[in-house]
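Okay, here's what each chain looks like letter by letter:
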Amino acid sequence: MELERILQRQGFGTRKGCRALIRSGRVAVNGEVCDDPFTDVCTDDLTFSVDEIAWPYREFATIMMNKPADYECSRRPIHHPSVLSLLPPPLVEREVQPIGRLDEDTTGLLILTDDGQLNHILSSPRKKVPKVYIATTKHPVDAGQIEAMLAGVVLHDDPEPVRAAACEVVGDCLLRLTITEGKYHQVKRMVAAAGNRVENLHRLSVGGLILPPDLKPGEWRWLEPSDIALLKAEE
Ligand code: URA
């Protein structure tokens, strides 16, 4: 594929803009500056760099982020900045979107992608992708609350009870809870329906993909095909 087309596809602007970027000598391919926009480059295992920042060529951009508190998952946030503001411009230009939103005060594992098919698969309630959360609660969690969430609680806009796939006390006022749907404020509403209140919420994993301990709040990382396979792991 022509180098200027590669850059355009990877989110570096219009074809004309990418051509100018390449001609200015700011782009290197596999370690060597290339200032000819029409050079034919093989995209298999390609790493190019722009202003000495390395970019792996990805047909689809799928990443994970450790979402910090006080960021919104929306493209048009209202009260806080968008999580997209934590990403470099080429990823925003590619229109990566969160797969399932986290509340502005929720922290932890957030997946973003520009792969519409992957987003659709992982968002589908039929897929039952398990999501594990750690909730800090206002009151100590008792056995009755755990039982209620495992048996199913009724959320007031939803006639069908919603059950936790797993739920256990892991500390004083700390609950580890697994859900397989992604309803609006689901964890907070389930905990409230069971008679407690979520004070802090953190997502530890989606499918078999666990938030890496060294990924700091606000940081992001590319997902490899093996990570994406883990994401699709079912209950
Ligand atoms: N459940 C919630 O209540 N909030 C989240 O952000 C995610 C799940």
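Residues numbered from 1 in each chain as written. Predicted model: local features only at pLDDT ≥ 70, side-chain atom pairs only at ≥ 80, totals over all residues. Heavy atoms only, no water.

Caption draft 1: Summary view of the nonpolar core. By size, the foremost hydrophobic cluster in this structure holds 48 residues, and its most contacted members are Leu-7, Leu-112, Met-149 and Leu-175. Filtering out sequence-adjacent residues up to four positions away, Met-149 remains in contact with Val-162, Arg-163, Ala-164, Cys-167, Leu-175, Leu-177, Met-190, Val-191 and Ala-194. Counting 14 residues, the second-largest nonpolar core is a separate cluster that includes Ile-111, Leu-122, Val-129 and Leu-223. (Core = buried A, V, L, I, M, F, W, Y, C linked by side-chain atoms within 4.5 Å. Buried < 20%, exposed > 50% of the residue type's maximum accessible area, 1.4 Å probe, protein only. Contact = heavy atoms within 4.5 Å.)

Caption draft 2: Structural context of helix H6 (residues 186-193). All of the buried residues in H6 are Gln-186, Val-187, Arg-189, Met-190 and Val-191. Elements that come into contact with the buried residues of H6 comprise strand E8 (131-137), helix H5 (143-151), strand E10 (174-179) and strand E11 (198-206). Looking one or two places after H6, you find Gly-195, whose phi comes out positive at around 100 degrees. (Helix = DSSP H or I, 4+ residues; strand = E, 2+ residues; numbered from the N terminus.)

Caption draft 3: Region of the structure containing the side chain of Thr-62. Along the polypeptide, Thr-62 turns up in strand E5 (residues 62-67). On the accessibility criterion, Thr-62 (4% relative accessible area) is buried. At 2.7 Å, the side chain of Thr-62 forms a polar contact with the side chain of Thr-113. In this structure, Thr-62 is in contact with Ile-111, Leu-112, Thr-113, Asp-115, Leu-118, Trp-222, Leu-223 and Ile-228, ignoring residues within four places of it in sequence. (Polar contact = N/O pair within 3.5 Å; in protein donor to acceptor, adjacent residues only side chain to side chain.)

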